[in-house]
Amino acid sequence: MFCVIQEIETKKPNKNGYAKELISDYMKISFNGEDVGHYYFYYGEERFERPIKKAYRISIHHSYRENGKVKKKQFVLCTANYYEFATDTFSLYDWCDSRIQRIAIELSADVDEIYDMVQTKISVLESKIQAEFSETEEYKVHEEHDNITTIHALHKTEFTRKYGVDGDEYDKCYDVFGELRNPEYLEKIKKEYKQRKEYEEKSRSYQDDFWSNYSKYFGGGGSSYHNSVSDNHTEDDRETLKQFYRTLCKKYHPDANPDIDTSKEMQLLNRLKSEWGI
């Protein structure tokens, strides 16, 4: 059993090469009178013509003896053209698996052995064709387009992470080539980011001060307070504290505040309940 790859001539050249041009454009969208459009990219209609008119028929040949005579069987797997190898779009598994499975059953052969045999033969041809294709203008232009779109995606991801915005915000500022097209909108994003960070810093500082003062007031933290105060409560103290808790709980319970988020207040009340030992 062995693999044969036969070169055959095709009738017409392939005109469906890679696009010659990567184009950036602006999509204008209005929302409440405000322009919220963004830059996008697409490939031009003009494509490279592929002049090489070659294809390759891949088959498996099997020789055997019957009544003292040598006989042969041939199993055609598929036919792939030059550019399917050149652009690495050919896949032995996707194209030929069902046929290889049937051949393995008919010849009582191992499936993996057939795959290895055929792939070894294909790899030599594929490497040769891809080396040739890498010297063409089509390949070089396509690689350049791939690099541009890859860098665009990386910049977009970094922008999103840095400013805490969604991906479309980058496309409102930059085009696919990384050119800043809307500096005013970028300044708006930076300003909002700065304001958000200042607010978060103030909120964090406020919370730190609050819990620091709370800890000092109750003698150094919830556990210290619980140990030094809660255990010394009289029954009357406990009843009074329970009343405090019930009154505040009614005021801040979510059912009583359907339009306001009172989760922080309730968390504090539950913590106090535990520390008071009621």
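Residues numbered from 1 in each chain as written. Predicted model: local features only at pLDDT ≥ 70, side-chain atom pairs only at ≥ 80, totals over all residues. Heavy atoms only, no water.

1. A closer look at unusual backbone geometry
For Asp88, which is not glycine, the phi torsion reads 60 degrees and is therefore positive. Within the element layout of this structure, Asp88 appears in the loop between helix H1 (82–86) and helix H2 (92–107). When its relative accessible area of 53% is taken as the criterion, Asp88 is described as exposed. Phi is positive for Ser108, which is not a glycine, with a value near 55 degrees. Checked against the element boundaries, Ser108 lands in the loop between H2 and helix H3 (111–133). Its relative accessible area of 69% is what places Ser108 among the exposed residues. (Helix = DSSP H or I, 4+ residues; strand = E, 2+ residues; numbered from the N terminus. Buried < 20%, exposed > 50% of the residue type's maximum accessible area, 1.4 Å probe, protein only.)

2. Regarding H2
Over its 16 residues, H2 runs only 19 Å from end to end, short of the ideal 22 Å by more than 12%, given 1.5 Å per residue. Maximal helix bending in H2 amounts to about 40 degrees, located at Ser98. By the burial criterion, the buried members of H2 are Leu92, Cys96, Asp97, Ile100, Ile103, Ala104 and Leu107. One or two positions beyond H2, positive phi appears at Ser108, with a value near 55 degrees. (Expected span 1.5 Å × (residues − 1). Bend = angle between axes of the 7 residues up to and from the residue.)

3. Examining the pairing of strand E7 (residues 69–81)
Direction of pairing for strand E6 (residues 54–66) relative to E7: antiparallel, over a ladder of 12 bridges. Bridge pairing links Ile58 to Cys78 in E7. The turn joining E6 and E7, which pair antiparallel and follow one another in sequence, is formed by 2 residues; a positive phi near 55 degrees is taken by Asn67. (Pairing = 2+ DSSP bridges.)

4. Points about the environment of Asp168
Among the secondary structure elements, Asp168 is positioned in helix H5 (residues 167–171). A sequence separation of 25 residues divides Asp168 from Glu143, and the C-alpha atoms of the two residues are 25 Å apart.

5. Section: the nonpolar core
Core analysis: the largest hydrophobic core is formed by 26 residues, its most contacted members being Ile58, Leu77, Phe85, Phe90, Leu92 and Val118. Where this core is concerned, the elements lending two or more residues are E6, E7, H1, H2 and H3. Apart from residues no more than four positions distant in its own chain, Phe85 is found in contact with Tyr56, Ile58, Ala80, Phe90, Ile122, Leu125, Glu126, Ile129 and Gln130. Counting 9 residues, the second largest nonpolar core, distinct from the first, contains Phe159, Tyr170, Cys173 and Ile189. (Core = buried A, V, L, I, M, F, W, Y, C linked by side-chain atoms within 4.5 Å. Contact = heavy atoms within 4.5 Å.)

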